[in-house]
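# Report on the structure
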Amino acid sequence: MKKIITIIIFCLVSLSLTAQSIQMKSIASINYSVGVPTGNLNDFISRVSGSGFSLDYKRMVAPNIYLGGELGYNYFSEEKGYNTYTEGTASVSGFQTRYNASIPMTITADYVFTDNSKIKPYVGLGIGTIYNNREVDLGLFASTVDTWFFTIKPEAGIIYNLNSYTGIKFSSRYYQTFDSKDLDGYSYLAFDIGFVFMTF
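What this report covers is the structure whose coordinates are included nearby.

Criteria and thresholds
- Residues numbered from 1 in each chain as written.
- Predicted model: local features only at pLDDT ≥ 70, side-chain atom pairs only at ≥ 80, totals over all residues.
- Heavy atoms only, no water.
- Helix = DSSP H or I, 4+ residues; strand = E, 2+ residues; numbered from the N terminus.
- Buried < 20%, exposed > 50% of the residue type's maximum accessible area, 1.4 Å probe, protein only.
- Contact = heavy atoms within 4.5 Å.
- Areas by Shrake-Rupley, 256 points an atom, 1.4 Å probe, with all protein chains shown as cover.
- Pairing = 2+ DSSP bridges.
- Patch = residues over 30% accessible without salt bridge, like charges linked within 9 Å, V, L, I, M, F, W, Y side chains within 5 Å.
- Salt bridge = Lys/Arg side-chain N within 4 Å of Asp/Glu carboxyl O.

## Describing the overall build of the chain
In terms of helices and strands, the chain carries two helices and eight strands. Along its sequence from the N terminus, the chain presents helices and strands in the succession α-β-α-β-β-β-β-β-β-β. Every one of the 200 residues in the chain was classed for burial, and the buried ones make up 38%. Pairs at least 24 apart in sequence give 63% of the contacts found in the chain among residues at least 6 apart. Summed over all atoms, the accessible surface of the chain reaches about 10,800 Å², with 67% contributed by carbon and sulfur.

Written as structure tokens, this is what we have:
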């Protein structure tokens with residue numbers, strides 16, 4: 001009887017250690033991003049953009065908790081037709097095209113709810129900066145503003161395992177910037193689909 005109890009306890013401990021050992025140690029992803037302007041950015045450019053991508057890397061620091069970073073790019077553009085653009089005391093009329101390029105760089109923390117299952121929902125928060133280039137083109141006249149913003153980025157998504165080491169990620173991110181000395185803060189949504197690499 002003692003031998004049976006010892007064997008059962010040994011099996012339970014082994015299963016527990018195995019469950020802990022199969023938790024992901026790191027997550028890296030390459031993502032295609034669709035950007036949707038909101039707030040002040042939507043006032044400047046309202047057109048949804050399919051010109052974006054992001055790279056992520058996160059490492060487990062505690063069960064279900066991952067820390068890492070993100071580098072991204074979202075490019076927005078829109079033709080506004082014939083319009084009058086005012087800068088300071090000068091006004092120029094013409095066919096106007098607007099551009100806005102955002103490069104977010106954030107430190108991120110994610111919580112993965114079901115680390116050991118095939119479908120892994122997660123939520124996260126990023127804090128960092130966005131380098132922003134904004135341009136208004138009126139033919140012979142162009143106005144360009146380069147600036148850096150402080151940003152926060154809540155995120156939610158799902159990782160679907162294709163096999164033990166790769167998966168597909170679907171996520172949504174919301175970038176909120178804060179006023180700089182050159183431009184007012186703005187925001188946009190990014191909807192991503194990505195290819196994920198996992199290590200265990």
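## Focus: the environment of Phe197
Along the polypeptide, Phe197 turns up in strand 8 (residues 187-199). For the pair formed by Phe197 and Tyr57, sequence separation is 140 residues and the distance between their alpha carbons is 9.4 Å. The residues touching Phe197, leaving out its near neighbours within four places in the chain, are Ser26, Ile27, Ala28, Ile30, Tyr165 and Thr166.

## Things to note about the pairing of strand 1 (residues 26-38)
Here strand 1 runs beside strand 2 (residues 51-62); their pairing, made up of seven bridges, is antiparallel. The residue of strand 2 that forms the bridge with Tyr32 is Phe53. Strand direction decides the pairing type here: strand 1 and strand 8, joined by 13 bridges, are antiparallel. What sits directly across from Ser26, in strand 8, is Thr199.

## Some remarks on a nonpolar patch on the surface
A surface patch of nonpolar side chains, amounting to about 1,100 Å² of accessible area, comprises Ile30, Phe53, Leu55, Leu71, Met105, Ile119, Trp148, Ile158, Tyr160, Leu162, Phe195 and Phe197. Taken together, the elements giving at least two residues each to the nonpolar patch come down to strand 2, strand 6 (141-161) and strand 8. The greatest single-element share of the nonpolar patch, amounting to three residues, is contributed by strand 6.

## Observations regarding unusual backbone geometry
Most peptide bonds are trans, and most residues other than glycine sit at a negative phi. Of note, the phi angle at Asn64 is positive, near 75°, even though the residue is not glycine. In this structure, Asn64 sits in the loop between strand 2 and strand 3 (65-87). With a relative accessible area of 14%, Asn64 lands in the buried category.

## Here's the deal with the pairing of strand 8
Of the strand pairs in this sheet, strand 7 (residues 166-177) and strand 8 are connected by 11 bridges, and their pairing is antiparallel. Bridging across to strand 8, Phe170 finds its partner in Ile193.

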